[in-house]
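Residue-level structure breakdown
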Amino acid sequence: MNLIGKVALITGASRGIGRACALKLAKLGADIAINCSKNKALAEEAANEIKNIGRKAIVIQADVSKQKEVELMVETTIKQLGSLDILINNAGITRDSLLLRMKEDDWIKVLETNLNSVFFTTKAASKYMIRKRQGRIINISSIIGIAGNIGQANYAASKAGIIGFSKSVAKELASRNVLVNVIAPGFIETDMTDALNKQQKEIILSSIPLKRYGKPEDVANLAAFLSSEESSYLTGQVIFVDGGMNM
Ligand code: NAD
């Protein structure tokens, strides 16, 4: 499996799952555009790591919930790296609260960041991929988008939205050889899940058949496969990386 000659744009790639995807794809030969929102220094660190393994890497600071910034980010990737073959929509946030306490802003911010962003990036990138008659779009949803979770109505709605969106776009773009798939992680050890307390983590662990939390690399391995020639007969799929939580 290799990605030599490919260019990937990964949103929210300065840390966590996005960063692991960036490194994995680079190790397989791809050049990488790392999107970050605030922490540019961390994104530059990831870019240097990629340059050290001999691939090109650029950092593009953009808020993916803003359409104009997304359009510029896609243009910059194509201009500076010469193509856009793989888009990984990874950026995401949580703003947990029980429904009756959930503020409108908690709802809007999560939907804007997690779902509107996927519409903006996919629209901008697919315009180019359709012309090239090839492309891979990988959207990071969550097991919560299927199962729901107490205190995460906003997050669950955004992640379920990604699934419906991806299946529709997969049908629209299949004839142009642009493949769209969804990864639904379970519990992956990152800054996002670090916010949970010990008791919450233990409850989650007891519900994982493989009896361990996932690592960002577990998700990155699947993202690499979905980016590669070896997955050329897969589109519109939702694949769980969850140690067996959802079965
Ligand atoms: P993380 O918080 O480390 O990473 C999220 C990234 O998104 C950060 O780099 C953040 O800066 C970026 N981001 C947030 N808002 C942005 C914006 N407006 N514009 C650009 N970038 C923005 O967490 P993670 O666990 O690595 O999460 C990555 C993705 O995986 C998210 O979509 C998350 O919902 C999803 N996910 C994570 C888990 C898990 O257990 N960690 C499980 C299921 C799904």
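Preceding block: the structure.
Residues numbered from 1 in each chain as written. Predicted model: local features only at pLDDT ≥ 70, side-chain atom pairs only at ≥ 80, totals over all residues. Heavy atoms only, no water.

Turning next to the nonpolar core. One broad trend across soluble globular proteins is that nonpolar side chains are buried collectively. Core analysis: the largest hydrophobic core is formed by 35 residues, its most contacted members being Ile10, Leu25, Ile32, Ile34, Ile50, Ile88 and Ile183. Counting only elements with at least two residues in this core, the list comes to β1 (7-10), α1 (16-27), β2 (31-36), α2 (40-52), β3 (57-61), β4 (86-89), β5 (135-140) and α9 (216-227). Sorting elements by how many residues they give to this core places α1 first, with seven residues. In terms of nonpolar packing, the next biggest core, distinct from the first, is built from 25 residues, Ala62, Ala124, Val169 and Leu173 among them. (Core = buried A, V, L, I, M, F, W, Y, C linked by side-chain atoms within 4.5 Å. Buried < 20%, exposed > 50% of the residue type's maximum accessible area, 1.4 Å probe, protein only. Helix = DSSP H or I, 4+ residues; strand = E, 2+ residues; numbered from the N terminus.)

Taken together, 27 residues are adjacent to the ligand, and Arg15, Asn90, Tyr155, Ile188 and Thr190 come closest. Between an oxygen atom of the ligand and a main-chain N or O atom of Gly186, the distance comes to 3.3 Å. Out of a free accessible area of 820 Å², the ligand has 93% covered by protein chains. Contributions of two or more residues to the shell around the ligand are made by α1, α6 (153-173) and α7 (191-194). Residues belonging to the shell around the ligand are distributed by class as follows: eleven nonpolar, 13 polar and three charged. (Near = heavy atom within 4 Å. Polar contact = N/O pair within 3.5 Å; in protein donor to acceptor, adjacent residues only side chain to side chain. Areas by Shrake-Rupley, 256 points an atom, 1.4 Å probe, with all protein chains shown as cover. Nonpolar A, V, L, I, M, F, W, Y, C, P; charged D, E, K, R; others polar.)

Scanning the entire structure with this criterion turns up twelve salt bridges. Close ionic contact of Lys66 with Asp63 constitutes a salt bridge, the shortest N to O distance being 3.2 Å. A relative accessible area of 42% places Lys66 in the partly exposed class. One salt bridge connects Glu202 with Lys198, and the closest N-O pair in it is separated by 3.7 Å. Note that Glu202 and Lys198 are positioned in helix α8 (residues 198-206) at a spacing of four residues, about one turn of the helix. Of the residues examined, Glu202 reaches a relative accessible area of 46% and is grouped as partly exposed. Residue class for Lys198 comes out exposed when judged on its relative accessible area of 64%. (Salt bridge = Lys/Arg side-chain N within 4 Å of Asp/Glu carboxyl O.)

Judged by pairing direction, the sheet is parallel, and its seven strands sit side by side in the order β3-β2-β1-β4-β5-β6-β7 without closing on themselves. At either margin of the open sheet sits one strand with a lone partner, and together these are β3 and β7 (238-241). Ignoring strand direction, the axes of neighbouring strands in this sheet form an average angle of 20°. In terms of strand pairing, β5 meets strand β6 (residues 178-185) through six bridges, oriented parallel. The residue of β6 that forms the bridge with Gly135 is Val178. Here helix α3 (residues 67-81) sits on the sheet in contact with β1, β2 and β3, set at roughly 160° to β3. (Pairing = 2+ DSSP bridges. Axes fitted to C-alpha atoms, helices over the stretch in contact; angles between N-to-C directions. Contact = heavy atoms within 4.5 Å.)

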